[in-house]
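# Report on the structure
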There are 2 protein chains.
Amino acid sequence: MSRGKREFENITVGYSNQADQEDSRKNGYVEFFGITRVRKGTFLNEEVVQSEKIINDIVAMDAGFDPNQLPDLSIGQTNIFNERIMPKITEKYGNFHTIDWLRDLSKDKYRHKWLKKQKEKGKLIDKLQAWHDAGSGWFCVLLIGLGAGIAAGVVDIGSNWTSNIKSGYCKKAFWLNREQCCWDALNITYDNYKNPICDEWISWTEVLGLKSGSTEYFFALIIHVIFAVMFGTVAAVLVKVYAPYACGSGVPEIKTILSGFVIRGYLGKWTLIIKSLGMILGSSAGLTLGKEGPFVHVASCCGNIFSYFFPKYGRNEAKKREILSAAASAGVAVAFGAPIGGVLFSLEEVSYYFPLKTLWRSFFCAMVAAFIVRTINPYGKERDVIFFIEYQPEWSFFELIPFIILGLLGGLFGYYFIKVNILWCKIRKTTKLGKFPITEVILISLITAFFGFFNEYTRMSMPELIRRLVGKCGPSDDSYLCDYAKNITSANEEVIPTKDNFGVHEAIWKLFLALLFYLVMLVLTFGIKIPCGLFVPSLAIGAITGRIIGIAMEILSFNYPSFFVFAAGCNENVACIIPGVYAIVGACAFLGGATRMTVSLVVIMVELTSGLSLIVPLMVSAFSAKLFGEFLCPGGIYDAHINLNNYPFLDNKEDYEFSAFAVDVMKPQKNDPPLTVLIQDGMTISQIEEITEKSNFTGFPIVVSHESQLLVGYILKRDLVMAFDQYKKSGLVNSNTLVKFSKTLSNKKNETCIKLDRLVEMAPICVSDQTPMDTVTDLFKKMGLSILLVTHFGKLLGVITKKDILKHLAEEREKKNL
Amino acid sequence: MSRGKREFENITVGYSNQADQEDSRKNGYVEFFGITRVRKGTFLNEEVVQSEKIINDIVAMDAGFDPNQLPDLSIGQTNIFNERIMPKITEKYGNFHTIDWLRDLSKDKYRHKWLKKQKEKGKLIDKLQAWHDAGSGWFCVLLIGLGAGIAAGVVDIGSNWTSNIKSGYCKKAFWLNREQCCWDALNITYDNYKNPICDEWISWTEVLGLKSGSTEYFFALIIHVIFAVMFGTVAAVLVKVYAPYACGSGVPEIKTILSGFVIRGYLGKWTLIIKSLGMILGSSAGLTLGKEGPFVHVASCCGNIFSYFFPKYGRNEAKKREILSAAASAGVAVAFGAPIGGVLFSLEEVSYYFPLKTLWRSFFCAMVAAFIVRTINPYGKERDVIFFIEYQPEWSFFELIPFIILGLLGGLFGYYFIKVNILWCKIRKTTKLGKFPITEVILISLITAFFGFFNEYTRMSMPELIRRLVGKCGPSDDSYLCDYAKNITSANEEVIPTKDNFGVHEAIWKLFLALLFYLVMLVLTFGIKIPCGLFVPSLAIGAITGRIIGIAMEILSFNYPSFFVFAAGCNENVACIIPGVYAIVGACAFLGGATRMTVSLVVIMVELTSGLSLIVPLMVSAFSAKLFGEFLCPGGIYDAHINLNNYPFLDNKEDYEFSAFAVDVMKPQKNDPPLTVLIQDGMTISQIEEITEKSNFTGFPIVVSHESQLLVGYILKRDLVMAFDQYKKSGLVNSNTLVKFSKTLSNKKNETCIKLDRLVEMAPICVSDQTPMDTVTDLFKKMGLSILLVTHFGKLLGVITKKDILKHLAEEREKKNL
């Protein structure tokens, strides 16, 4: 399981095709399904029927039918379709390869048509199969929703328990967490953090026999640090040993995967298990990381795993991505209890190809997942919202100005965070630091736990901190944050703070220190080799800033009540400024600055706080954060990490901004060796093998002749190799056997030859050499191509692949910046 | 202004090109901008610079620069770009034509690059211009948001006043509505409908000196009917005389326009004004129609009008559609106070091409619009939500079963509504009925007003009815709907109904009659020639059904409290079943059944009722309505109306399900006359004119020679005609002058010839003849093509247009159904 990470990091845009070629041969089609097929090949006038059956089986499997229940696509039946529509390509993708959406989707359409034709024959079993097929997408996302919901429930409950175990254990039963332990206790009191105190729950300092005092404080610190370091270390070791892909937030990689890249094992079961465990340990260790972003990865793992139960999705990479898009929305839905926000997150941030059908399925999946989490009820509360705000938030027009300032600060935070974090990640990659990931995690845990202990706002968990910051001071709330002179009219009435007392000033200073602490630690933490998300830390930093500004505004309104904005906007009978509202808005702005989300962010915040009345302030701050952030540096943290890791991601949000033409980008250019092509008629097996072995392309164009260069079609190397292997095993060919790629060519008398026309893609997408690159990149983005042929008057001039475009874009950008 | 409607209805898929050709010549380029350009043409070795200037001006204007401030794209400057990228096509689209997104977007990119290059030159004015350009999209949607918000405020206030004027007038000032009139009155009481009664407001029966009694009732009926018929008639006459396009909901047409169709005047200022007036009158007439759907049309009109202030959008049909998508979301945002739902509505239901940039702009536009409406505050309440529910809606698991039943009923309603309404519309189209639209409106108004008067639930306005149905019975509510034996513990506590009294039974019967009434009237009304939407009527019918089922469930729970579901799900201290929740869910289900919206519908309902806790029931009902509805008949009411009117709409939600190839669909087929092509060299002006005049194509492929048929490029007829016109005006050509379409061809000594290479599209999108139609339709949908050339080995075989595809689809579907 330790494979993957190291190679992965070395992959650049020019990732190896050669290495993969060997892999493809090793895991070639014949062995791929565990079935050895040594049958006679397709020779002219010889056993045509049987060899058609072989090809039909291959086509059927590849179109996504269950390999154990292959439908009988014998010639009689295939003729019911127009034979030409059959996708003749039988490849599977190698690791770190780009998928061809167009081909995959047409394969699926073929499967679909076959089932429909069967259904029309009227047999009950065929009808049932067609219905099962039609419903399998919904059933699959239902399972994913269930899976993601359960995973989230387990992680939430687990991290709750491990967080509690840091302070003590339950005498009755060690597996109960503090709240459960004290449920039926006789004497329950609550400490400053609203944690229950009861006889059944024994703190570690009590076990050591210490009473409160400086010794107790010291030992509590020691125990706190020991547990934090222990949790961090275990998480890092688990990741390193069992699933290197489980580290980080996973969102950049999932964006890349959804854009059509294959990373084997990234969404596997081990990644799922280790990531879940790592999230429990990492968040309990008190590190400056969230477990919300990684939920997207966990849900996507569920998506990938469950898709294998449905060959339609599991065996078709393009269709699988529809399911993964839905899974990603379930991830956000479980993380924040925000199903609509989750769907919009998937649409705005991670997905590449998002047809309406996927929108509906994503919504369903997100709903199911959110519903399961609500039912499991990991937070042990009535509400299914994490940061439920219990008051009706109000705001006045003039407050839009501080909200915009918060937005600008959010943009600034995003700029700082992206620049410094990427710099730090580069240092980690290039220096010795990267070689000791576990040591790094231990050091970070140690520093976070030790320095965080002295400030109550950094000692409590980040979600708890946010909950406090977005809250409103109640009549009985006597924490520093709520140390106001209050004007309480009656028990049920609203509490109106009238003057700031000493405690509030103290709280501001502590919050400011917490802000600095988190700003430093987030940059160091995001990127260490354990699961870590940035949602909650960004929200926390934003909420701190927002609360500070909110309190400042409030103090201003206390001191200058006659200033015209306060005089106009404030009313004696209600609180004029609610600092909790500023904390919500600040949280939104800072997360927006880091990720550059807008619509989905606002919706997530609305669902998170269930405050529909704050939609305008949230929008204003998210937009100012986005605009100012994009002005300072374009692209969010996820895009920055995609660039850092050189993932082959062709951003469909960006317009092509240069002036090149297909002829300028295609291979070969002037000084390159000429393009490797195959001739449709007259080459022998050995000649073709010589060519394919020398080159490192994944496929070859076929032309009429070297002289004319007229394009006939395109064939994948993998298919050629497979076909030759099979024919050789049948023993009926030798190296000098002729190969014909066209159907219409007839063979001479007594001439032995192989006809491979059914493996040739007869209508590859072509453009003329004078096509602007605007159109070419659009074709790649919208049609999901992996290769495009460039012709002039029907003659082949060159090919353009996705990596050619990425290389071209990188070069042009470099030129521009010089 | 009466043009349009009649021709419009006769348009079928094979809409005329010939007629439009004449139009294009009449309104040709030269006159189009009010500038007569008679300059010398582009001859070889002669005044090259000046003729380049002409072409550059044309290109600049066409790329979307302001015609009054054309940038100087002289040769020196154009060379700073690669000259090949310049979009050489200078057409404007005719009425009922299909736009070419690819070409329009590339034009805009050209403009963008020019501005960027200018900006880099560093002059302040250029920089300002570039910034203005970059910000103009945002500024434009800001204006649209303001415009749509103000329009909505005016319509809401206006329809409030006209609704009031039906019952009486304000003695103080006739322009005040009832609520405003009674604001500072001394003795205010409220009638059954919660309308204020005061001395300043005089009802018409009082004017006639009638006291309450049967005579008063009779005269109230007469006055009610007279006003309703009067409002209906005025609306119908206004629509007929001033803006025929203002009738209907407008959503099907806007879907078609957004998919790339041009309907001149459909989004004009007259349509805007008449539609707004018609909405005021139509809804005050008490007809079974809503003014919420037409808001989408009104907002789109604002979008179209404001886009003309920004040549970037106004002069580029593809870019304008981005703005129109944003405007459509503003329409829903103002209709329901639902900005997020509006964006999703635009995404899910009406838009065709929805890049992320449009998502952000739509969101901004919708927010601004919703904010303006909130500020104008037409409903005179604190809430910006129309059907604000004042209680915290709760639901139990077992209630999902009735919610699913509501969903199925919603699907059934959709099926019934679509089938019967379309049937009725066909009758209207084919029989004499269609010739008397005003009479029809008068009749419908008469019937609705008369029969509606006798039932209080049909006499009150539909929004008022919905508000009551979704409400919860309060302690002092003594209407029939709330006639329960109640268990009131204290004034502040919740009211728990314990038994149904007589009034509830009475209310159920009346609701049932209202349901039947609305079911019949909606079908007859949707499609009459005044502005009419179906959102609110569908919501009302759904809310009635929901309330009835809710009350039935409630009565069950009163009578069988020990039945296991009630025993498990109900709690003595809270109301077990809230019929208002059923009304909300039913409204959602029925609207979903009619329109087949899902995600956007749920979000709209959440924003509408501000009940985030009902998201699961809403989703369950919307999904069951959609699934059952699609099972009964695929496609919502809007799609049905698009089909009914034969709009050229290529649905991007549907997969291509047949097995044809490009060669089977392209023109010419076997028995067709050969394709009209131009030869790149050697044709004279008169030869070309003969060809263009005979044919009714919008453009011509250019080939190397008749023998080779090798494709060179594609030229628009319009451009040819314009170019010849200009050259002839210059007096330097005659009919025998040679025309060359290629740059590389040199002319013989002393030979006079015209070179039109800059007008030729050198890289039209081509496919091979063996390309499956899957891929071809995908290219049309995703790339927004209007024409595609089919080649084989570089030789032109035929062309495929959008209308060829639509015809092919219609034929295949017919074949399948036989």
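None of the values given here were measured: they were computed from a predicted structure.

### Focus on the overall build of chain A
- A tally of regular secondary structure across chain A gives 33 helices and 15 strands.
- When each of the 818 residues of chain A is scored for burial, the buried share is 61%.
- Put simply, of all contacts in chain A between residues at least 6 apart along the chain, 74% involve residues at least 24 apart.
- For chain A, the accessible area works out to roughly 32900 Å², and carbon and sulfur atoms hold 59% of it.

### Some words on the UniProt feature "domain: CBS" (unreviewed entry) in chain A
- Mapped onto this structure's residue numbering, the UniProt feature "domain: CBS" (unreviewed entry) falls at residues 666–730 and 759–815 of chain A.
- Within the segment residues 759–815 of chain A, helix and strand shares are 44% and 28% respectively, and the terminal C-alpha atoms sit 42 Å apart.

### Re the packing of aromatic side chains
- Per the counting criterion, the structure on display carries 61 aromatic pairs over all chains.
- Here W138(A) and F623(B) contribute two aromatic rings whose centre-to-centre distance is 5.5 Å and whose plane-to-plane angle is 80°, an arrangement assigned as edge-to-face. Taken together, the residues W138(A) in helix α7 (residues 124–165) and F623(B) in helix α27 (residues 615–632) connect one chain to another.
- Counting every residue linked through ring pairs, the aromatic cluster contains Y217(A), F450(A), F451(A), F453(A) and F454(A).
- Its end group placed over the ring of F453(A), R459(A) keeps NZ or CZ at 4.4 Å from the ring centre.

### What to know about the side chain of K255(B)
All names here are of chain B.
- Structurally, K255 is set in helix α11 (residues 251–258).
- A distance of 2.9 Å separates polar atoms of two side chains, one belonging to K255 and the other to D639.
- Leave out the neighbours within four places in its chain, and K255 touches E349, V350, Y638, D639, I642, F649 and K653.

### Some points on helix α25 (residues 579–595) of chain B
Residue and element names in this part refer to chain B.
- For α25, which comprises 17 residues, the first-to-last C-alpha distance of 24 Å matches the rise-based estimate of 24 Å (1.5 Å per residue) to within 8%.
- Counting buried positions over the 17 residues of α25 gives 17, a clear majority of the element.
- Positioned one or two residues after α25, R596 has a phi angle of 65°, which is positive.

### Some words on the pattern of salt bridges
Residues and elements named next belong to chain A.
- For the structure on display, the rule yields 36 salt bridges over all chains.
- For K815, the salt bridge goes to E812, with nearest N and O atoms at 3.5 Å. Of this pair, K815 and E812 both sit in helix α33 (residues 802–817), 3 residues apart, roughly one helical turn.
- Owing to a relative accessible area of 17%, E812 belongs among the buried residues under this scheme.

### Describing the relation of the copies chain B and chain A
- Screw-axis analysis of chain B against chain A gives a translation of 0.0 Å along the axis, an RMSD of 0.1 Å, and a rotation angle of 180°. These values place the two chain copies in the arrangement generated by a two-fold rotation axis. Considering only C-alpha atoms, the part of chain B nearest the rotation axis is G794(B), at 1.8 Å.
- In this assembly the copies share their binding face: 99% of the residues contributing to the interface of chain B also contribute to that of chain A.

### Quick look at unusual backbone geometry
All names here are of chain A.
- In this structure, the amide linkage connecting K667 to the following residue, P668, adopts the cis form with an omega of 0°.
- Residue position: P668 is located in the loop between α29 (662–665) and β7 (678–679).
- Positive phi outside glycine occurs at R596, with the angle close to 65°.
- Positionally, R596 belongs in the loop between α25 (579–595) and α26 (599–609).
- Not every positive phi belongs to a glycine, and N646 is a case in point at roughly 55°.
- When you line up the elements, N646 lands in the loop between α28 (637–644) and α29.
- By relative accessible area, N646 is classed as partly exposed at 34%.

### Comments concerning the sheet that holds strand β10 (residues 711–716) of chain B
Residue and element names in this part refer to chain B.
- Taken together, 3 strands build an open sheet; the order of strands is β7-β9-β10 and the sheet is mixed. Two strands bound the open sheet, and with one partner strand each, they are β7 (678–679) and β10.
- Alignment of β7 against strand β9 (residues 699–703), held across 2 bridges, turns out to be parallel. Counterpart to I679 in the pairing with β9 is V703.

### Remarks on the pairing of β9(B)
All names here are of chain B.
- By the criterion of burial, β9 is predominantly enclosed, with 5 of the 5 residues buried.
- Residue alternation in β9 divides its side chains into two sets, G699, P701 and V703 and F700 and I702, and both sets are buried.
- Note: β9 against β10, 5 bridges, orientation antiparallel. Across the sheet, the residue bridging to P701 is Y714, located in β10.

Calculation criteria
Residues numbered from 1 in each chain as written. Chains lettered and ligands numbered in written order. Predicted model: local features only at pLDDT ≥ 70, side-chain atom pairs only at ≥ 80, totals over all residues. Heavy atoms only, no water. Helix = DSSP H or I, 4+ residues; strand = E, 2+ residues; numbered from the N terminus. Buried < 20%, exposed > 50% of the residue type's maximum accessible area, 1.4 Å probe, protein only. Contact = heavy atoms within 4.5 Å. Areas by Shrake-Rupley, 256 points an atom, 1.4 Å probe, with all protein chains shown as cover. UniProt positions renumbered as here; feature names shortened; annotations may be inferred. Phe/Tyr/Trp six-rings, centres within 6.5 Å; stacked < 30°, edge-to-face > 60°. Lys NZ or Arg CZ within 6 Å of the ring centre and 35° of its normal. Polar contact = N/O pair within 3.5 Å; in protein donor to acceptor, adjacent residues only side chain to side chain. Expected span 1.5 Å × (residues − 1). Salt bridge = Lys/Arg side-chain N within 4 Å of Asp/Glu carboxyl O. Least-squares fit on C-alpha atoms with pLDDT ≥ 70 in both. Pairing = 2+ DSSP bridges.

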